[in-house]
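# Descriptive structure summary
Here are the chains, one letter per residue:
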Amino acid sequence: MPDLKGALIGCGFFAVNQMHGWNDVKGAAIVAICDRDPKRLKIVGDQFGIVRRYTDAAQMFADGGFEFVDIATTVNSHRALVEMAAAHRVPAICQKPFAPTLADAKAMVAACAAAGIPLMIHENFRWQTPIQAVRKALDSGAIGTPFWGRFSFRSGYDVFSGQPYLAEGKRFIIEDLGIHTLDIARYILGDVTALSARTKRVNPKINGEDVATILLDHDSGATSIVDVSYATKQATEPFPETLIEIDGTEGSLRLSQGYELQVTNAGGTVNSDVAPTLLPWASRPWHNIQESVFAIQQHWTDSLRHGKETSTSGADNLKTFALVEAAYESAASKATVDIGTLL
Ligand code: NAD
Ligand code: 89V
């Protein structure tokens, strides 16, 4: 079967990882790129040898010749670009965060459903090797039924030099990074019924919150904590590792710094190394994220070829995005938010 032809919109900081990922994916290839900034268009076009280049997404869609689009722009353009894809009946991947508001995200899901095209949110953290290893350990029944969890991302890494817009928005860590951690909590312990949150801004040079602590009630009856910080200076910087603790009826599981997974039950304790692969184009410490970019893009390609729903479809990701909205609402009101009222 020939490769699926794709087009990519947004040739910025993160898209370079996506372009490397597409080079490695079996069954798809990028044939056209678009960025409204001609400098970024040239840098990425030259680096990856893409001849078809556009500064206007509408023109690229009008010219066509591709079977899916990968939207790698920042959040404010997501709705217009996904709706453009829907209008042209082109299956779409959209980077996280889904949209500026839950109402926009719902409209995007509705537009794609009406057009009959798949929509996947590029929510890649659940595709990281260590997170997949945690999922597998739970699926094996090694710790019985989980009743408590903690999903923790605490770092002092300077994310602002690569992504200066992160310092500018009124919202920061929940919308940008907590969104991944909340998605991991859903992926590991299931959907969430209610949530309460507290936030803080520690770094005086940014506009949004850089610390958040979120308490989640899961459908299953489990309780979990999602705690995220970009204001935490430690002896060994863990960026970009998500650390996980799960207690179950038959044992417990700990994913600790250095990508070590420990599973304990009546049979004893098993330690394993669940470190991500350092792909040839990747660089530490980003390799954990970079490998998951390749993984989610391969998943998209396989799903599109076989007509299957993706793990992080638009419909699925509404349930993660609702947790983001709920966390901001709860932090402002100090009340617990019922997730069902948002969906
Ligand atoms: P960036 O600002 O470096 O790049 C965005 C690019 O999109 C820019 O070059 C800009 O000119 C272009 N662009 C914006 N609107 C456009 C439009 N309408 N048409 C054509 N081009 C347009 O941003 P970034 O850091 O690469 O982030 C992009 C997205 O990736 C964000 O949503 C961010 O949250 C997400 N991101 C995801 C991960 C992850 O692991 N999933 C990591 C980093 C960033
Ligand atoms: O993954 C992300 O969305 C990135 C970072 C890891 C820096 O938060 O923006």
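Residues numbered from 1 in each chain as written. Chains lettered and ligands numbered in written order. Predicted model: local features only at pLDDT ≥ 70, side-chain atom pairs only at ≥ 80, totals over all residues. Heavy atoms only, no water.

## What to know about the overall build of the protein
Stated precisely, the cut-off is as follows: Counting from the N terminus, the helices are DSSP H or I runs at least four residues long and the strands are E runs at least two residues long. Computation of the radius of gyration draws on C-alpha atoms, with the globule rule given as 2.2 Å multiplied by the number of residues to the power 0.38. Remark: exposure states derive from per-residue accessible area (1.4 Å probe, protein chains only) relative to the maximum for the residue type, with buried under 20%, exposed over 50%, and partly exposed in between. Contact criterion: two residues are considered in contact whenever any of their non-hydrogen atoms come within 4.5 Å of each other. Using a 1.4 Å probe, the Shrake-Rupley method yields the accessible areas, and only the shown protein chains count as cover for residues. Positive charges come from Lys and Arg alone, negative charges from Asp and Glu alone, with His and the N- and C-terminal ends not counted. Charge positions are represented by NZ for Lys, CZ for Arg, CG for Asp and CD for Glu.
Of the regular secondary structure elements, the protein holds 9 helices and 15 strands. Relative to the globule expectation of 20 Å for 343 residues, the C-alpha radius of gyration of the protein, 20 Å, shows essentially globular dimensions. For the protein, the C-alpha atoms occupy an extent of roughly 60 × 45 × 40 Å along the three principal directions. Looking at the protein as a whole, 55% of its 343 residues are labelled buried. Considering only contacts in the protein between residues 6 or more positions apart, those separated by 24 or more positions represent 68%. When the accessible surface of the protein is summed, it comes to about 14400 Å², and 53% of that surface belongs to carbon and sulfur atoms. Within the protein, the 38 negative side-chain charges are centred at a point lying 3 Å from the centre of the 31 positive side-chain charges.

## Re the site of ligand 1
Condition: Nearness of a residue to a molecule or strand requires only that one of the residue's heavy atoms be within 4 Å of it. By the criterion applied in these results, polar contacts are pairs of N or O atoms within 3.5 Å in which, for protein atoms, one can donate a hydrogen and the other can accept it, and in which residues neighboring in sequence qualify only through two side-chain atoms. Delimitation of the domains relies on an automatic or database domain assignment.
Lining the immediate surroundings of ligand 1 are 26 residues, of which Phe 14, Asp 35, Lys 96, Asn 124 and Tyr 165 lie closest. A distance of 2.8 Å separates an oxygen atom of ligand 1 from a polar backbone atom of Lys 96. Within the complex, 88% of the 850 Å² of free accessible area of ligand 1 lies under protein. Two domains each put at least three residues into the shell around ligand 1: domain 1 (4-117) and domain 2 (126-283 + 320-341).

From the geometry alone we can't say anything about function, so treat these as descriptive.
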